[in-house]
Amino acid sequence: MPKSRRDKVIALTQTKKKDREWKGGLIEQIREALEQYQSAFVFRCANLRNNAFKELKATLADSSRFFMGSNKVMQVALGKGPEDEQRDGLHQLAEHVRGHAGVVFTNLTKEDVESAMAKYEVSDYARTGTVARETIVVEKGPVHGPHGGLMEHTMEPTLRKNGMPTKLNRGVIELLADHALCKEGEHISPQGAILLRLFGHELATFKMDLLCGWHDGGDFEVYECAEDVDGDDSMDGDDDRFKDDGISSSMMLPTELMHVESGPAVAKLARGKDEGSQGARGPARKAKKPAKGGRGR
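Residues numbered from 1 in each chain as written. Predicted model: local features only at pLDDT ≥ 70, side-chain atom pairs only at ≥ 80, totals over all residues. Heavy atoms only, no water.

Undergrad: What am I meant to see in the pairing of strand 11 (residues 219–222) here?
TA: With four bridges connecting them, strand 10 (residues 204–215) and strand 11 associate as antiparallel partners. Each bridged residue has a counterpart across the sheet, and for C212 the counterpart in strand 11 is V222. With antiparallel pairing between neighbouring strands as the criterion, strand 10 and strand 11 make up a hairpin whose turn holds three residues, including G217 at a positive phi of roughly 120 degrees. (Pairing = 2+ DSSP bridges. Helix = DSSP H or I, 4+ residues; strand = E, 2+ residues; numbered from the N terminus.)

As structure tokens, then:
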């Protein structure tokens, strides 16, 4: 069957792919920062919040520069081994750039950088997939809001939609049984994240820790926080961040389409799947039209 001219795959995303030019620009910026600053630190970022991070960068703009992006590109910029490192001992810094990490070039001391980071630690509502640090249970009976008073009756459909067994009793939301919003050590579900926000429980803290430091001249030092990262498998960056979102596998893309870029390749795979689903009999045949003037039996 000839290929239809209308059979085109159109990407709806507005995000532009990071091409070789972008990667080359990042490498140049990191190597320029090596010339301008005396020290470099690798930091770990937990529960990143953009507003707080932007305020931190603005505060230290005169003395420091932060980089967060592709870990592999940053490793190349610093040097993966002694043979291609940009400064003596810098490849040891690159070994710690993995997971939710970044690099800060600065003229400040380690203590000054840690003090500045500590000022911007903020608590916020946990997002889907975050590991709960405590168990939150709403007890049976009238439902109270985050401020202690009874929750408005208009919120009852929202609570019921997100899994809470509730009913309206004379304008008061009543919980029919104890309900756990999250459990300690388990991943927070999408419904749990919504309910935690409604009840005012902030279980996430934006925090930054220094893992290691390098100073002009080749001095390198590993800090205590780096030991916690080495034993944490979630920092490798290869985990599926959607595995705990509660969506069934039937709603996900087929396995053969998971790692294929949008374009003719996707259309080809999709057409092949449709053709295979028609079975051995092939496509359905159209019914013959009766001849003009003929009589039906």
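So much for the structure itself; the text now carries on.
Undergrad: How should I be thinking about the sheet that holds strand 6 (residues 141–142) in this particular structure?
TA: The strands making up a sheet associate through backbone hydrogen bonding, with each pair oriented either parallel or antiparallel. The strand order 6-8-7 describes an open sheet built from three strands, whose pairing is antiparallel. Two strands in the sheet have a free side with no partner beyond their single neighbour: strand 6 and strand 7 (166–169). Strand direction decides the pairing type here: strand 7 and strand 8 (residues 172–175), joined by four bridges, are antiparallel. Residue pairing across strands places L168 opposite I173, the latter belonging to strand 8.

Undergrad: Looking at this structure, how should I read helix 1 (residues 20–36)?
TA: Residues spaced three or four apart along an α-helix point in a common direction, a consequence of the helix completing one turn every 3.6 residues. Compared with an ideal rise of 1.5 Å per residue, which puts 17 residues at 24 Å, helix 1 spans 25 Å between its outermost C-alpha atoms and is within 8% of the ideal. Along helix 1, the residues classified as buried are L26, I27, I30, A33 and L34. All buried residues of helix 1 lie within an arc of 125 degrees about the axis, which places them on one face of the element. Exposed residues lying more than 90 degrees from the buried face of helix 1 are R20, E21, E28 and E35. (Expected span 1.5 Å × (residues − 1). Buried < 20%, exposed > 50% of the residue type's maximum accessible area, 1.4 Å probe, protein only. Arc of directions from axis to C-beta.)

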